[in-house]
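# Chains, contacts and geometry: an overview
Chain by chain, the residues:
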Amino acid sequence: MLSYDDRLAVAVSGGKDSLSLLHILAKIKRFRPKTTLFAVTVDEGIEGYRNEALEIAAANCEQLEIPHHVVSFKELYGYTLDEIVLRARGKGETELTACAYCGVLRRKAINAGARQMHANKVATAHTLDDEVQTAVMNIFRGDIARLSKEKPITSEVHPLLVQKIKPFCEIPEKESALYAYVKKIKFQDTPCPYASEALRNDIRGMINMIEQKHAGTKFTIFKAMERLRPALEETTKKEKFRTCGECNEPSALDLCKACELLRHVR
Ligand code: SF4
């Protein structure tokens, strides 16, 4: 995943996984003088939650002497996530959860932040648990195209899309948490106030219950996905990138998903 001369952005939320990843990559960087490392944090604008995370992320970056770059929803999209949720609910767009907006807008924001810092790669702290949950969620939604696209190293090639890598994709969440505790890394442990709304929560509970009874299930699902993906890629239509009519960012359709969602709330 890593090359000796990468300009690597690490997406740091302030939680245990992203901070464990940042500390490990900082350690690796000491042996790779040509690698440039910096952290990118997205400020979604979640009252009573994100400010603490921003402070913790900044303190860790200062300790590791890593530049810290913050991109905010307000700056990029004109609204905080709290405002988006209020406006969507006010307009009766209640079928979409806060996470449905946040996931799409945050992905775009991380890419924008990494690009502003001229990164050639962006590392996210998706763990084995996240990867398995995402695969199962995509099956539940019948989203085969996304099932084939979600992989440890993205292959989407576009000058405006920074390549994404997931160095923790085979690391169970418990181990990344253990690393943070053993290394005494300060992280935010308050959950996001919107987290309980997510379908992911139900899927996490279900997979953890099966894992408890049948140890190794998470690895089995992950490995099965790795083997299935080439066949899925063959059968799903390759997306041709065009430019979003509103934001000029790469998009599979004339309007990108982020701009489509934002239209609901304007
Ligand atoms: Fe965004 Fe949902 Fe995660 Fe909160 S739980 S940060 S709303 S994706």
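Heads up: the structure comes first, above all this text.
Below or above, wherever it landed, is the structure these notes cover.

Each value, and the rule that gives it
Residues numbered from 1 in each chain as written. Predicted model: local features only at pLDDT ≥ 70, side-chain atom pairs only at ≥ 80, totals over all residues. Heavy atoms only, no water. 1 Å grid on protein atoms, 1.4 Å probe; cavity = no way out; pocket = protein on both sides within 12 Å on 5 of 7 lines; lining within 4 Å. Points joined across faces, edges and corners; volume = space filled by probe spheres on them. Helix = DSSP H or I, 4+ residues; strand = E, 2+ residues; numbered from the N terminus. Nonpolar A, V, L, I, M, F, W, Y, C, P; charged D, E, K, R; others polar. Salt bridge = Lys/Arg side-chain N within 4 Å of Asp/Glu carboxyl O. Buried < 20%, exposed > 50% of the residue type's maximum accessible area, 1.4 Å probe, protein only.

As a further point, take empty space enclosed by the protein. A complete count under the given rule lists three cavities of 30 Å³ or more for this structure. Around the largest cavity, the lining residues are Glu131, Val132, Thr134, Ala135, Asn138, Leu147, Glu150, Ile221, Phe222, Met225 and Arg229. For the lining of the largest cavity, the elements supplying multiple residues, two or more each, are helix H6 (128-141) and helix H10 (217-235). If one sorts the elements of the lining of the largest cavity by residue count, H6 sits on top with five residues. Its volume calculated, the second largest cavity comes out at about 60 Å³. If you go around the second largest cavity, the residues you meet are Leu2, Ser3, Asp6, Leu8, Leu25, Ile28, Lys29, Arg32, Thr35 and Leu37. The element contributing the most residues to the lining of the second largest cavity is helix H1 (residues 16-29), with three residues. Split into classes, the residues belonging to the lining of the second largest cavity amount to five nonpolar, two polar and three charged.

Here we come to the layout of surface pockets. Taken as a whole, the second largest pocket encloses approximately 270 Å³ of empty space. Every residue along the wall of the second largest pocket is listed here: Leu128, Asp129, Pro172, Glu173, Lys174, Arg204, Asn208, Glu211, Gln212, Lys218 and Phe219. Elements with a minimum of two residues in the lining of the second largest pocket: H6, helix H8 (173-182), helix H9 (199-213) and H10. Among the elements that take part in the lining of the second largest pocket, H9 stands out by supplying four residues, more than any other. When the residues that make up the lining of the second largest pocket are grouped by side-chain class, the tally is three nonpolar, two polar and six charged.

For the structure on display, the rule yields 18 salt bridges. A salt bridge links lysine 218 to aspartate 129; its shortest N-O distance comes to 2.7 Å. Remark: aspartate 129 occurs in helix H6 and lysine 218 occurs in helix H10; sequence separation between them is 89 residues. Taking the relative accessible area as the measure of exposure, lysine 218 reaches 11% and is therefore buried. The exposure class assigned to aspartate 129 is buried, which follows from its relative accessible area of 7%. Here the residues in one salt-bridge network are Glu131, Arg146, Glu150 and Lys166, joined through shared partners.

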